[in-house]
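# Reading the structure
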Amino acid sequence: MLARTEAEQLVSTVPTEPYFAGRWGSGQSIDTFDVIDPVTERRLTTVAAAGAREVHEAVSHARSALDEGEWGRTDGSARALLLHRLADLVEARSEEFATLESLDIGKPGFEPRAIDLPQAIGAFRYFAGWADKLEGRSVPTSPYMGRPTHSYTVREPVGVVAAITPWNSPTMIGSWKIAPALAAGCAVVLKPPEDAPLTSLLLASLIEEAGFPAGAFSVLPGLGAVTGQALIDHPGVDKISFTGSPETGYKVAVAAAKGFRRTTLELGGKSPQIVFGDADLDEASQGVAVGIFANQGEVCAAGSRILVARSVYDEFVERLVARARDIKVGDPFDDDTTMGALINARQLERVSQYVAAGIDDGARLIAGGGRPDGKGFFVEPTLFAEVDNTMTIARREIFGPVGAIIPFDSESEAVAMANDSDYALAATLWTSDVSRAHVVARRVRAGAVAINGWAPLDPRLPWGGSKLSGQGRELGWAGIEANTEEKTVTAVLSYTPE
């Protein structure tokens, strides 16, 4: 692991301009924005912001690359080779990616090393395997006016994909959008998060190094209200893949509806973790703590609603509080740090307001609730007990290290509370009863249910939710379907049997 001074020097090697049409440059842009270190509150670097002109050029070049250029003529086996080459390059530079995520986002480096980078590399390799296997179907069809027919389908790329990624895990979530789209033969225009754009810019340099044709991939850093808005409004975009808040997701859906364009929307969650009375409480308390506090709680699938059987409630609360108190909050580049800083001052204020709302609603604060002295957007690991599922902290996505512990008396009550949410992204079940686990997994409304382990992600598994958690799926075969159109071809044969 690099020291902080070495990590800060690494930033100077990362491109800071838009990349499109196979070249780097700010074009006509005159605006810039600063990237701030959430731990020191100092400027890490200044990035050139793409404007409407750059968005139009990037989308136009992406369309040309598909319709007339080399990318549109690149077959599946060649796309697979490029994606494997990209995976190798990311793996070789994985320490740089992990270091930049620690600087950019404020999370300890062991998290991107253990989760984000393996997931990103795995996604590129998994979808490389699909690139030359996008087969159609032969469909037996009836004669047409007495003449025999031959019908089949082919899978074709949906076209130009606008990918808009969040700041909490930009490398991993970026790969979820980029890998299947490139495997399918789409051209991708990536809008990285303004709070954490560095790994996306580094990734663009590796895509260029891997040899992807000009126009196949673009990255346009900038502000959401300017660059992001111009991208989702552009009529040349065929699909929008967005991960972020429901409020912004609604705007994306409205913009896409104007041209009946396709969308994949992953909009967060308020995921329950259900701890049954027969669970291994030591294992469960450790796993639940990870589900609340990983990445400072800035996780779409954060298991921040903890439903606990009343028979073990007191013991479990005691164990979970001990887990929270063992967490060391501090600089991600300190060896003993296990939780870093929130992304910015706005997020710190948001989390602080939710902590205050929990106290006002009558929940009992049993751990944390404050913030350390000094610089940085830090907040303590926070737990509330005696929470009711109607309280604000049980209903709203906090996106910070705040857990709400709620008792239940029966399995049916636990399932009812788990489903009584505006979100339906993920859920975790802690139990030693295998039969119960599978039965409850079917009853809980969520896009992904984990048993005895929080959020075991894999590129082979589809990911996404419903209700306010969004629509559509990423990863797995669903990721290919989301980036392709199935075309039907029917030939009316002139041959007449003798």
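Please refer to the structure higher up on the page.
These numbers were taken from a predicted model, which means no experiment stands behind them. Counting restarts for each chain: residues are numbered from 1 in the order of the written sequence. The predicted nature of this model means local features are confined to residues of pLDDT at least 70 and side-chain atom pairs, given and counted, to a pLDDT of 80 or more, with totals for whole chains, interfaces and linings taken over all residues. Calculated side-chain values reflect all of the structure's heavy atoms, with hydrogen atoms and water omitted.

### Concerning the pairing of strand 12 (residues 272-275)
Our working rule: Relative accessibility decides the category of a residue: with a 1.4 Å probe and only protein chains considered, values under 20% of the type maximum give buried, values over 50% give exposed, and everything between is partly exposed. In this text, helices come from DSSP runs of H or I with a minimum length of four residues, and strands from runs of E with a minimum of two, each type numbered from the N-terminal end. Whether two strands pair depends on DSSP finding at least two bridges between them. With the strands pointing away from the viewer, any crossover whose connection runs clockwise from the first strand over the helix to the second is right-handed.
Of the two faces of strand 12, both are covered, the one formed by Pro272 and Ile274 as well as the one formed by Gln273 and Val275. Sheet analysis places strand 12 next to strand 13 (residues 305-309), joined by 4 bridges and oriented parallel. Across the sheet, Gln273 pairs through a bridge with Ile306, a residue of strand 13. Viewed along the sheet, the connection from strand 12 through helix 11 (residues 281-293) into strand 13 turns out right-handed. Relative to strand 18 (residues 426-430), strand 12 runs parallel, the two sharing 3 bridges.

### Regarding a nonpolar patch on the surface
Heads up, the condition is: Patches in this entry comprise residues that are over 30% relatively accessible and not in a salt bridge; like charges within 9 Å are linked, as are nonpolar side chains (Val, Leu, Ile, Met, Phe, Trp, Tyr) within 5 Å. With residues, only the protein chains shown are counted as cover, and all accessible areas are computed by Shrake-Rupley using a 1.4 Å probe. Any Lys or Arg side-chain nitrogen located within 4 Å of an Asp or Glu carboxyl oxygen qualifies as a salt bridge.
Together, Tyr144, Met145 and Val492 make up a nonpolar patch on the protein surface, roughly 340 Å² of accessible area in all. With respect to the helices and strands, Met145 occurs in the loop between strand 5 (138-139) and strand 6 (149-157). Classification of Met145 by relative accessible area gives exposed; the value is 73%.

### Describing the pattern of salt bridges
Within this structure, the stated rule accounts for 31 salt bridges. In this structure, Glu91 engages Arg125 in a salt bridge whose closest nitrogen and oxygen atoms are separated by 2.8 Å. Residue Glu91 is found in helix 4 (residues 76-92), and its partner Arg125 is found in helix 6 (residues 110-130); the two are separated by 34 residues along the sequence. Assessed through its relative accessible area of 40%, Glu91 is described here as partly exposed. Assessed through its relative accessible area of 29%, Arg125 is described here as partly exposed. Here Glu96 ties to Arg93 by a salt bridge, and the two come within 2.8 Å at their closest N and O atoms. Note on Glu96: relative accessible area 22%, which makes it partly exposed. One network of salt bridges, in which partners are shared, links Arg4, Glu8, Asp37, Arg42 and Asp331.

### With respect to the packing of aromatic side chains
Filter applied, for reference: Note on aromatic pairs: the rings of Phe, Tyr and Trp (six-membered ring only in Trp) are paired at centre separations within 6.5 Å, and the planes decide the class, stacked below 30 degrees, edge-to-face beyond 60, tilted for the rest.
Counted according to the given criterion, the structure contains 7 aromatic pairs. Relative to Trp477, the ring of Trp130 has its centre 4.8 Å away and its plane inclined at 50°; by these criteria the two rings are tilted. Of this pair, Trp130 sits in helix 6 while Trp477 is found in helix 17 (residues 476-481), placing the two residues 347 residues apart along the sequence. Judged by relative accessible area, Trp130 falls into the partly exposed class, the value being 23%.

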